[in-house]
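Listed below are the residues making up each chain.
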Amino acid sequence: MAFLGMFSQALVYLCFAVLLGSFILAFISEAKRPTIVVPKSALLVSTIGIALFSFFPVLQILLYLVPNMGFGETLQSVLLTFEVGKAWLFTFIVSIILLLFISFFDVQANKLYRSIGVALTFLLILSLGWSSHASSYNQLLGFVSDTVHFTAVSVWVGILIVISWFSKNHQNWANFLKWFTPVALVCFGLTFVSGLLLMDIIVEDYTNSWPISYGQSLLLKHLLIIPLVVFAAINSLMIKKKVQMDESFNPLPWVKAESIVMLLIFSATAALGQQSPPRETAISSSNVSQLFSLVYQGQIQPNMLVQFAPNATAIMLAVVTLLFLVLMVFSFVKKMPAIMTFVMGLFLVMSGYLSLMLSIQ
């Protein structure tokens, strides 16, 4: 059930990214981007996906309460009294409106229709922030932080996904980077600041949360940001020079690789939504993450505090992590396929994770 929850939540993030990325790129002049063709069916499926996959948290509550209350009474209670239920009901209604709007109007060809599409999508993002973990702890700050965080990520990732998977060519790539690079930097800055606020609201002590599943997912998410930043640097700086010197160079495989890293981050974020936050979970032998138990070499104590005492193995793995970071850039310089840089990024995450875990006393 937890895996299905993570999978459905990751698909919700993907659907938002496709919608927002498609609407934003439709505003951009064709002289400032490659030729993009996003089928209307992709927009319709994404809208349906938001309504369908965001229902999973409600379904989990229903499955828990139905045996005691009956289906009809439980459904009414969850949708009208639970915050997650009210948020999903709002999401469902707005999704239906957006679905009908996309069905009857060419949202990508008309500026007014695109603006309405963006507005409706943002309403759906507000609903997601309303039902978030952070909002339940600090209603205003949590809601604003989660909304800003998710909006910034959706804009950045949405443009990346649509430009990399729906482009028919790589024309005007230098012109595309001129405006996308500052947009990505702003989105990254907003994501970073709002992420710190969310951690302050949800996670009381970052490193001491690592033994439980929430902390493990959060750590993996943060480690995945390292190869993402490397890909972003390659795509915004090194490829820009490459395209200027060689117009036949195709940058799309590299952007696709960056978008896949973002999807992995989406998966880690989705896993966070399926775990109890550290504020609600005391560390004990019964709730320690299986992954942590597999890697951690010491004895797990109730309410244990994470203390660092790097050993030779951990230090060597840290060096290996830095080597993989260098190899990511080196593989691009040596004109290796983008998949090689992607694999190096995965090894970077693995070695960095092991280095940190083996450093815990």
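Residues numbered from 1 in each chain as written. Predicted model: local features only at pLDDT ≥ 70, side-chain atom pairs only at ≥ 80, totals over all residues. Heavy atoms only, no water.

**Student:** Can you walk me through the overall build of the protein chain in this structure?
**Tutor:** When helices and strands are counted, the protein chain shows 14 helices and zero strands. Its C-alpha atoms give the protein chain principal-axis dimensions of about 60 × 60 × 30 Å. Looking at the protein chain as a whole, 48% of its 361 residues qualify as buried. Counting only contacts in the protein chain whose residues sit at least 6 apart along the sequence, the fraction spanning at least 24 positions is 79%. Within the structure as shown, the protein chain displays about 17,300 Å² of accessible surface, and the carbon and sulfur contribution to it stands at 69%. For the protein chain, the separation between the mean place of its 16 positive charges and that of its 12 negative charges on side chains is 16 Å. (Helix = DSSP H or I, 4+ residues; strand = E, 2+ residues; numbered from the N terminus. Buried < 20%, exposed > 50% of the residue type's maximum accessible area, 1.4 Å probe, protein only. Contact = heavy atoms within 4.5 Å. Areas by Shrake-Rupley, 256 points an atom, 1.4 Å probe, with all protein chains shown as cover. Lys, Arg positive; Asp, Glu negative; His and termini not counted. Charge placed at Lys NZ, Arg CZ, Asp CG, Glu CD.)

**Student:** Looking at this structure, how should I read the confidence of the model for the protein chain?
**Tutor:** Interpretation of the predicted coordinates at a detailed level should be avoided for regions scoring low in pLDDT. On average, residues of the protein chain score 87 in pLDDT, and 96% of them are at 70 or above. Within the protein chain, helix H7 (residues 133-137) has the poorest average pLDDT of any element, 76, and helix H2 (residues 40-53) the best, 94. (pLDDT = per-residue confidence, 0-100.)

**Student:** Before we go on, may I ask you to explain unusual backbone geometry in this structure?
**Tutor:** Most peptide bonds are trans, and most residues other than glycine sit at a negative phi. Non-glycine residue Asn-172 carries a positive phi angle of around 60°. Examined against the element boundaries, Asn-172 turns out to sit in the loop between helix H8 (139-165) and helix H9 (173-202). Phi at Lys-335 is positive, roughly 60°, even though this residue is not glycine. If you trace the backbone, Lys-335 turns up in the loop between helix H13 (312-333) and helix H14 (338-358). The class of Lys-335 is exposed, set by a relative accessible area of 64%.

**Student:** Please clarify how the pattern of salt bridges should be interpreted in this entry.
**Tutor:** Charged atoms that come close allow side chains of opposite charge to pair. Counting across every chain of the model gives one salt bridge. Among the salt bridges present, the one from Glu-83 reaches Lys-86, with a minimum N-O distance of 3.2 Å. In this pair, Glu-83 and Lys-86 both sit in helix H5 (residues 83-104), three residues apart, roughly one turn of the helix. On the accessibility criterion, Glu-83 (39% relative accessible area) is partly exposed. Accessibility expressed as a relative area gives 28% for Lys-86, which makes it partly exposed. (Salt bridge = Lys/Arg side-chain N within 4 Å of Asp/Glu carboxyl O.)

**Student:** Explain the environment of Trp-88 here, please?
**Tutor:** Mapped onto the fold, Trp-88 is located in helix H5. Measuring from C-alpha to C-alpha, the distance between Trp-88 and Leu-124 comes to 9.4 Å, with 36 residues separating the pair along the chain. Look past the residues within four positions of Trp-88 in its chain and what remains in contact with it is Ala-51, Ser-54, Phe-55, Val-58 and Leu-79.

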